[in-house]
Amino acid sequence: MKFAVIVFPGSNCDRDMYHAVKEVMGEEAELVWYENSNLENYDAILLPGGFSYGDYLRGGAVAATSDVMKQVREHAQKGKPVLGVCNGFQVLTESGLLPGALMRNKNLSFMCHQEYLVVENNETLFTTDYEKEELVRFPIAHGEGNYFCDEETLKKLKENNQIVFTYENNPNGSVADIAGIINKEGNVLGMMPHPERAVEAIMGSYDGVKLFKAMIKNWRQTYVTNA
Amino acid sequence: MKKVTVYVTLKAGVLDPQGKAIQESLNSLGYQEVKEARVGKVIELTVDDGPDLEARVKDMCDKLLANPVMEDYRFRVEEAVQA
């Protein structure tokens, strides 16, 4: 399986993401600079964390207007997997690939620590290796992770089972404790916590391994075994 | 040339923690009359005039300058002052 890790000016978790899929999971991966890129030959797109364009205007807002995001949209429309973490999640909401928005944390502080998450939906291509309601521990590192959407959107998220991860102890004020959501079609996942920083014992948690493992396994099943 | 001033604020009902902190600071300075503070952004654009100016600025706001999920915007158009 071949992963593209999109690098914007100001991305800073791109190498963590690359390390997770390339060195820990042993798959093919490339860091892809956002300009003049061609995403056609990649199986999955990873939008890493960081501060693309210095978070100018709003986190992810400027990156969302880039040409590479048009390609990410096309890739998503084909049903291929897209994972956006932290700033990558902000880019996905800003570009309209996921509903809602990420606002300043309720306490106005940048927070960087481990949080327990509840796996709310273990039927997505990213989460089939988790048990439903399994408690997992991922690091968070954000100042703008306060998920917001209106009541109507929240109702739809619940109805369609689009809430994938919630915080056990909501650190940032997110609506309905939301830590990660998926699109209705089930192939675009955005989340504030960092699964790529929880893939080895030395990182304090390897709960993120199951997410990448599921992605790879489910992709193989769809595109190799049943192709 | 026109000068366009765009004001972006959080929607009514969306919690504004910065505004809340500012309100509390003003209260603690003795300005008890301050019941609410809301923080927003001001973006000044200098643009070539044209027949669709207002519609185009509205487009710019919807596409980039504001996030309609959580923010409202309004703008003012005036003659640009030549430097």
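Residues numbered from 1 in each chain as written. Chains lettered and ligands numbered in written order. Predicted model: local features only at pLDDT ≥ 70, side-chain atom pairs only at ≥ 80, totals over all residues. Heavy atoms only, no water.

If you check an unreviewed UniProt entry, chain B appears there as Phosphoribosylformylglycinamidine synthase subunit PurS from Oceanobacillus halophilus. The UniProt entry for chain B carries the following comment under Sequence similarities (unreviewed entry): "Belongs to the PurS family." Quoted verbatim from the Pathway (unreviewed entry) heading of the UniProt record, the comment on chain B is "Purine metabolism; IMP biosynthesis via de novo pathway; 5-amino-1-(5-phospho-D-ribosyl)imidazole from N(2)-formyl-N(1)-(5-phospho-D-ribosyl)glycinamide: step 1/2." (UniProt positions renumbered as here; feature names shortened; annotations may be inferred.)

In the annotation of an unreviewed UniProt entry, the entry for chain A reads Phosphoribosylformylglycinamidine synthase subunit PurQ, and the organism field reads Oceanobacillus halophilus. UniProt, in its Subunit (unreviewed entry) section for chain A, records the words "Part of the FGAM synthase complex composed of 1 PurL, 1 PurQ and 2 PurS subunits."

(A) Just the sheet that holds strand S3 (residues 71-79) of chain B, in detail. Residues and elements named next belong to chain B. Strand order across the open sheet formed by 3 strands is S2-S1-S3, with antiparallel pairing between neighbours. At either margin of the open sheet sits one strand with a lone partner, and together these are strand S2 (40-47) and S3. If you compare each strand with its neighbour and ignore which way they point, the axes differ by 20 degrees on average. Seen against the sheet, helix H2 (residues 53-65) touches strand S1 (2-10), S2 and S3 and runs at an angle of roughly 145 degrees to S3. (Pairing = 2+ DSSP bridges. Helix = DSSP H or I, 4+ residues; strand = E, 2+ residues; numbered from the N terminus. Axes fitted to C-alpha atoms, helices over the stretch in contact; angles between N-to-C directions. Contact = heavy atoms within 4.5 Å.)

(B) Expanded view of the interface of chain A and chain B. Between chain A and chain B, the contact holds 14 residues from the first and 15 residues from the second. Carbon and sulfur atoms make up 71% of the surface buried where chain A meets chain B, a total of about 1,200 Å² over both sides. At the junction of chain A with chain B, the criterion picks out 1 salt bridge. Here chain A is connected to chain B by 4 residue pairs in polar contact (both at pLDDT 80 or more). The element that contributes the greatest number of residues to the side of chain A that touches chain B is strand S5 (residues 101-103) of chain A, accounting for 3 residues. (Buried area = accessible area lost by both parts, 1.4 Å probe. Salt bridge = Lys/Arg side-chain N within 4 Å of Asp/Glu carboxyl O. Polar contact = N/O pair within 3.5 Å; in protein donor to acceptor, adjacent residues only side chain to side chain.)

(C) Focus on the packing of aromatic side chains. Residue and element names in this part refer to chain A. Applying the stated rule across the entire model yields 8 aromatic pairs over all chains. Between the aromatic rings of Phe8 and Tyr34, the centroid separation amounts to 5.9 Å while the plane-to-plane angle is 45 degrees, which identifies the pairing as tilted. Of the two residues, Phe8 is situated in the loop between strand S1 (2-7) and helix H1 (14-24) and Tyr34 in the loop between strand S2 (28-33) and strand S3 (44-47); the sequence distance between them amounts to 26 residues. Tyr34 matches Phe8 in its accessibility class, with the two residues each being buried. (Phe/Tyr/Trp six-rings, centres within 6.5 Å; stacked < 30°, edge-to-face > 60°. Buried < 20%, exposed > 50% of the residue type's maximum accessible area, 1.4 Å probe, protein only.)

(D) Here's a closer look at the pattern of salt bridges. This model, assessed by the stated rule, comprises 18 salt bridges over all chains. A salt bridge links Lys3 of chain B to Glu78 of chain B; the shortest N-O distance between them is 4.0 Å. Pair noted here: Lys3 of chain B is in strand S1 and Glu78 of chain B is in strand S3, with a separation of 75 residues, a long-range link. Of the residues examined, Lys3 of chain B reaches a relative accessible area of 27% and is grouped as partly exposed. On the basis of relative accessible area, Glu78 of chain B is assigned to the partly exposed category, the value being 29%. For Lys20 of chain B, the salt bridge goes to Glu24 of chain B, with nearest N and O atoms at 3.7 Å. Taken together, the residues span about one helical turn, with Lys20 of chain B and Glu24 of chain B both in helix H1 (residues 17-28) at a distance of 4 residues. Residue Lys20 of chain B is classed as partly exposed on the basis of its relative accessible area of 41%. Several salt bridges converge on common partners, so that one network encompasses Arg58 and Glu94 of chain A together with Lys41 and Glu71 of chain B.

(E) Seen up close, the sheet that holds strand S11 (residues 188-191) of chain A. Residue and element names in this part refer to chain A. Spatial strand order, S2-S1-S3-S4-S11-S10-S9-S6-S7: 9 strands in an open sheet with mixed pairing. The open sheet has two free edges, formed respectively by S2 and strand S7 (135-142), since each of these has just one partner strand. Within this sheet the neighbouring strands show an average axis-to-axis angle of 20 degrees, counted without direction. Where S1 lies against S3, 3 bridges are found, and the strand directions are parallel. Counted as the bridge partner of Val5 is Leu46 from S3. Running at roughly 160 degrees to S2, H1 makes contact with S1, S2, S3 and strand S4 (82-85) of the sheet. In the packing of helix H2 (residues 67-77) onto the sheet, the strands contacted are S1, S3, S4 and S11, and the crossing angle to S3 comes to about 135 degrees.

(F) Representation of the environment of Gly204 of chain A in the model. Topologically, Gly204 of chain A is positioned in the loop between S11 and helix H5 (209-225). Judged by relative accessible area, which is 35%, Gly204 of chain A ranks as partly exposed.

(G) The arrangement of the nonpolar core in detail. Residues Ile6, Leu83, Phe165, Leu211, Phe212 and Met215 of chain A are the most contacted members of the largest nonpolar core, which totals 67 residues. Counting residues per element, this core draws most heavily on H5 of chain A, which supplies 6 residues. Residues in contact with Ile6 of chain A, not counting those within four places in the same chain, are Ser11, Val32, Tyr34, Leu39, Ile45, Leu46, Leu47, Pro48 and Val68 of chain A. Residues Leu53, Val57, Leu65 and Ala66 of chain B belong to the second largest nonpolar core, which totals 11 residues. (Core = buried A, V, L, I, M, F, W, Y, C linked by side-chain atoms within 4.5 Å.)

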